[in-house]
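# Overview (structure and organization)
Read off the chains here:
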Amino acid sequence: MTDSAPSLAAAVLSGSRRALARALTWVENEHPDSAALLSTLYPHGGRAWVVGITGAPGTGKSSLVTALALRLRQQGETVAILAVDPTSPFTGGAILGDRIRMRDLSGDSGVFIRSMATRGSLGGLIRVLDAAGFDRVLVETVGAGQSEVDIARAAQTTVVVEAPGLGDDVQAIKAGILEIADVLAVNKADRAGAENTVRALRAMLELGHPTQRNRMVNHHGQRMSAEAPTQDDHEAELWVPPLVRTVATREATPENDGIGDLLDAIDRHRAHLTHADGDKLRQRQRGRIEGELLDRLSHALMARLLAALPAGTLEAAIDDVQSRQRSPHHAVQSLLDSAGKAAQPNGV
Ligand SMILES: Nc1nc2c(ncn2[C@@H]2O[C@H](COP(=O)(O)OP(=O)(O)O)[C@@H](O)[C@H]2O)c(=O)[nH]1
Ligand SMILES: [Mg+2]
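Residues numbered from 1 in each chain as written. Chains lettered and ligands numbered in written order. Predicted model: local features only at pLDDT ≥ 70, side-chain atom pairs only at ≥ 80, totals over all residues.

Attention shifts here to the overall build of the protein. Looking only at helices and strands, one finds 15 helices and nine strands in the protein. A burial count over the protein gives 36% of its 348 residues as buried. (Helix = DSSP H or I, 4+ residues; strand = E, 2+ residues; numbered from the N terminus. Buried ≥ 20, exposed ≤ 12 C-beta atoms within 10 Å, placed from the backbone.)

Written out as structure tokens, the structure reads:
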């Protein structure tokens, strides 16, 4: 079946899951019309709360995403899951392995699951799911350098997952994660060693989160714990990532598995960002949009400039720099001049 971007977009907006799957494939494969599709869908987005779940392999991200999705469904929210993990147990719409909790999700029309092997088109895929009208989009990414930064950019709330038993606890926790974490989950809290992980994280929070120290001084002159943010947390200027213990598998009962606490922490963060006075969400979004537009602009300008350069000009410039007839600075100036002249042969 062939589709045009407008008809595919219309089908996605009308709630067709097949159209949604196809639209995601278009974006993932960089179909020639995917930019048109994304542009048509864009005005319909902006309502989903996008939660990124990141952390080292084996910490229990997929299990946590499943547990969160089940809890959200009980609350009546629709959920899209996007797993960027080559070893993900979510494949296509099906779930691999004998993970009972994940099977609970299949067959529920209020849940849509998609996995992909690479993070290339993450932003576009999230925008499609957002436009399709899900209340929540849960995005699982393996915490490894760039993908952490990508997810922190694409998500409104980023949950960093740690777990005991993955080597030396302090070593396994990278300082950088604290910069992207809006919420910290210590998963596998049923395991021995979980308290060591909690302690190590808390120590890092106190060292690496100067905002917390400011806040400890400023907040009603009381010492505040990162673990127990108060009701008036969203009144405060700064957000201190709460630390939540979770059990994502059925090692605990729904009363003590911490999944409700994790959702609470996510929702408190959401309230913090959307709180009318602070207008933090708008600020955050503006910063991200600015970054995206500047990125796209620099790519587009570079492509236009290279296309405008007469054949051989770049190679000649390289030769000149190599033979020291021109400095790199002068070579760039003359490349810009040649591109400008080529683009406007009759110009000034
Ligand atoms: N005991 C225990 N095992 C868990 C928990 N969460 C996940 N696991 C197990 O840890 C392994 C890795 O989980 P998975 O969700 O695939 O981790 P991911 O690689 O981070 O997505 C699986 O065998 C899970 O059953 C937990 O809270 N407690
Ligand atoms: Mg996983």
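For the rest of this paragraph, the subject is the nonpolar core. Core analysis: the largest hydrophobic core is formed by 73 residues, its most contacted members being Leu68, Leu82, Val128, Leu129, Val137, Leu138 and Val139. Not counting residues within four places of it along the chain, the set of residues in contact with valine 137 comprises Ala48, Val50, Ala80, Leu82, Ile126, Leu129 and Asp130. (Core = buried A, V, L, I, M, F, W, Y, C linked by C-beta atoms within 7 Å. Contact = placed C-beta atoms within 7 Å.)

In this section: unusual backbone geometry. Not every positive phi belongs to a glycine, and glutamate 30 is a case in point at roughly 50°. Counting through the fold element by element, glutamate 30 comes out in the loop between α2 (17-28) and α3 (34-41). If you check the backbone angles, arginine 324 has positive phi at about 65° while not being a glycine. Of note, arginine 324 is situated in the loop between α14 (313-322) and α15 (328-343).

Next up on the list: the site of ligand 1. Near ligand 1 lie 15 residues; those nearest to it are Gly60, Lys61, Ser62, Ser63 and Ala248. Per-class residue counts for the shell around ligand 1 are three nonpolar, seven polar and five charged. (Near = placed C-beta within 6 Å. Nonpolar A, V, L, I, M, F, W, Y, C, P; charged D, E, K, R; others polar.)

Below, the discussion takes up the packing of α2 against α3. Taken N-terminus to C-terminus, the directions of α2 and α3 make an angle of 125°; their axes are 9 Å apart at the nearest point. On the basis of their axis angle, the class for α2 and α3 is oblique. The way α2 lies across α3 gives a crossing that is left-handed. For the pair α2 and α3, the contacting residues are Ala23, Trp26 and Val27 in the first and Ser34, Leu37 and Leu38 in the second. Looking at the contact of α2 with α3, its residues break down into five nonpolar, one polar and no charged. (Axes fitted to C-alpha atoms, helices over the stretch in contact; angles between N-to-C directions. Parallel < 35°, antiparallel > 145°, perpendicular 65-115°, else oblique. Left-handed = near helix turned anticlockwise from the far one by under 90°.)

With that out of the way, let us pick up the sheet that holds strand β5 (residues 111-116). The strand order β5-β2-β6-β1-β7-β8-β9 describes an open sheet built from seven strands, whose pairing is parallel. Every interior strand has two partners, whereas the edge strands, β5 and β9 (243-245), have only one. Here the strands of the sheet are splayed against their neighbours by 20° on average, with no regard to which way each runs. Bridge count between strand β1 (residues 49-55) and strand β6 (residues 136-142): seven bridges; the pairing is parallel. Its bridge partner being in β6, glycine 55 is matched across the sheet by valine 142. (Pairing = 2+ DSSP bridges.)

Looking now at helix α13 (residues 280-308). Along its 29 residues, α13 runs 42 Å from first to last C-alpha, staying within 8% of the 42 Å computed at 1.5 Å per residue. Among the 29 residues that make up α13, zero are buried, leaving the element largely open to the surroundings. (Expected span 1.5 Å × (residues − 1).)

In the case of a regular strand, side chains alternate between the two sheet surfaces. Strand β2 (residues 79-84) sits mainly inside the fold: six of its six residues count as buried. Residues Val79, Ile81 and Ala83 point to one face of β2 and Ala80, Leu82 and Val84 to the other, with burial holding for every one of them. When β2 meets β5, the two strands line up parallel, connected through six bridges. Looking across to β5, one finds that valine 79 is bridged to valine 111.

Moving on, we come to helix α4 (residues 61-74). For α4, with 14 residues, the first-to-last C-alpha span of 20 Å sits near the 20 Å given by 1.5 Å per residue. Counting buried positions over the 14 residues of α4 gives ten, a clear majority of the element. Regarding α4, the residues found buried are Lys61, Ser62, Ser63, Leu64, Val65, Thr66, Ala67, Leu68, Ala69 and Leu72. Within two residues after α4, glycine 76 carries a phi angle of roughly 85°, on the positive side.

All right, on to the confidence of the model for the protein then. Of all residues in the protein, 78% attain a pLDDT of 70 or more, and the chain-wide mean is 82. Of all helices and strands in the protein, the one with the weakest mean pLDDT is helix α11 (residues 210-218) (42), whereas helix α1 (residues 5-13) scores best (97). (pLDDT = per-residue confidence, 0-100.)

Running from N to C, α2 and helix α6 (residues 122-131) point in directions that differ by 160°, and their axes come no closer than 9 Å. Classified by the angle between their axes, α2 and α6 sit roughly antiparallel to one another. As for how α2 packs across α6, the hand of that crossing is right-handed. Where α2 abuts α6, its residues Ala23, Leu24, Val27 and Glu28 lie against Gly124, Leu125 and Val128. When the residues that make up the contact of α2 with α6 are grouped by side-chain class, the tally is five nonpolar, one polar and one charged.

This brings us to the pairing of β1. Counting buried positions along β1 gives seven out of seven residues, so the element sits mostly inside the fold. Side chains Trp49, Val51, Ile53 and Gly55 project from β1 onto one buried face, and the interleaved Val50, Gly52 and Thr54 project onto a second face that is buried too. Here β1 runs beside strand β7 (residues 157-162); their pairing, made up of five bridges, is parallel. Across the sheet, the residue bridging to isoleucine 53 is valine 159, located in β7.

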